[in-house]
Amino acid sequence: MKNGDLARFIESQPEITQRRKHQWVAQIAESFNLLHTHEISHCDSKLENFLIDDHYDIKICDFASSHNYKAPSTDLAIQPLRYRRAVDDFNELVFNPADDIFAFGSICYEIITGEAPYPQLDDESVELQFIRGEFPATDGISFGTIIRDCWNGKFMSFKAILSAIEREGIQR
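Model, not experiment: these values are computed from the prediction. (Residues numbered from 1 in each chain as written. Predicted model: local features only at pLDDT ≥ 70, side-chain atom pairs only at ≥ 80, totals over all residues. Heavy atoms only, no water.)

## Regarding the pattern of salt bridges
Close approach of charged atoms lets side chains of opposite charge pair.
Then, in step 1: Summed over the entire model, instances satisfying the criterion amount to 5 salt bridges.
Then, in step 2: A salt bridge links Glu134 to Arg132, with the nearest nitrogen and oxygen atoms 3.9 Å apart.
Then, in step 3: By relative accessible area, which is 35% here, Glu134 ends up partly exposed.
Then, in step 4: A salt bridge links Arg148 to Asp139; its shortest N-O distance comes to 3.6 Å.
Then, in step 5: Its relative accessible area of 30% is what places Arg148 among the partly exposed residues. (Salt bridge = Lys/Arg side-chain N within 4 Å of Asp/Glu carboxyl O. Buried < 20%, exposed > 50% of the residue type's maximum accessible area, 1.4 Å probe, protein only.)

What follows is the structure, given as C-alpha cells:
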C-alpha cells in the first residue's frame, strides 16, 4: 500500500489528527474482533503489521504466525515483548484472545502517544515492568482507561472493547 505501514507512517507524519488516530484504534479493534469471531489469534501484533490504504484506513496484514486459538500451534508466535502479555506460564505455542487484547493496549498506547511503552528501556526491561504489572501512565490520554484495562486483563473480548470505544464517543 502506498502509505506503508502504521509505524513508519506515524514516524513520518507527526501531525496526524486525534480524530484519525481514534479511527485507527477503532478499525484495529474491528480487525481483531473479526479474527476472534473466527477463533483466530494474530500472534504478531505490532504497528508494522497494519497497513494504511489510499483512504488512510487500516488493513491488518502478516498472518504468518496466526492460528486457531482453540488448537495448539506447532509454529512459534513471534509477538514482540512490548506487545506481549507477561505471564509466568507464557507459552508461545498456545496463544489466546487475551494475548491479542494485551497487544491491542500497547498498539493503542503507541498510536495515541507516538511512542511504544517504555521507549527508553530495552525489551527485557519492559518485560520485567509488565511482569510486575507496572505499565506506563494512561491518565489523561485518549483511550487511557481502555489501554489500562487491556494491559490489566479486564477485557474478555474485542466486542467488549468496541463497546467501550463507543461509550467514549469515538466515531468508527
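Now that the structure is up, let's keep going.
## Re the nonpolar core
Then, in step 1: Among the nonpolar cores identified, the biggest contains 43 residues, and Leu6, Phe104, Ile111, Ile161 and Ile165 are the most heavily contacted of them.
Then, in step 2: Elements represented by at least two residues in this core include exactly α1 (6-12), α2 (18-37), β2 (50-52), β3 (58-60), α3 (97-113), α4 (123-131), α5 (144-151) and α6 (158-167).
Then, in step 3: Of the residues forming this core, the biggest block, 9 residues, is contributed by α3. (Core = buried A, V, L, I, M, F, W, Y, C linked by side-chain atoms within 4.5 Å. Helix = DSSP H or I, 4+ residues; strand = E, 2+ residues; numbered from the N terminus.)

## Notes on the packing of aromatic side chains
Then, in step 1: Within the structure shown, the criterion is met by 13 aromatic pairs.
Then, in step 2: Between Phe32 and Phe104, the ring centres sit 6.4 Å apart and the planes meet at 85°, which makes this aromatic pair edge-to-face. Placement of Phe32 in helix α2 and of Phe104 in helix α3 is noted, with a sequence separation of 72 residues between them.
Then, in step 3: Overall, Phe32 belongs to the buried group, its relative accessible area being 0%.
Then, in step 4: When the centroid spacing of 6.5 Å and the interplanar angle of 50° are considered together, the rings of Tyr118 and Phe130 count as tilted. (Phe/Tyr/Trp six-rings, centres within 6.5 Å; stacked < 30°, edge-to-face > 60°.)

## Here's the deal with the side chain of Asp149
Then, in step 1: Structurally, Asp149 is set in helix α5.
Then, in step 2: Beyond its immediate sequence surroundings of up to four residues, Asp149 is in contact with Lys154 and Phe155. (Contact = heavy atoms within 4.5 Å.)

## Topic: unusual backbone geometry
Then, in step 1: Residues other than glycine seldom take positive phi values, yet Glu39 does so here, at roughly 60°.
Then, in step 2: Inspection of the secondary structure assignment puts Glu39 in the loop between α2 and β1 (40-41).

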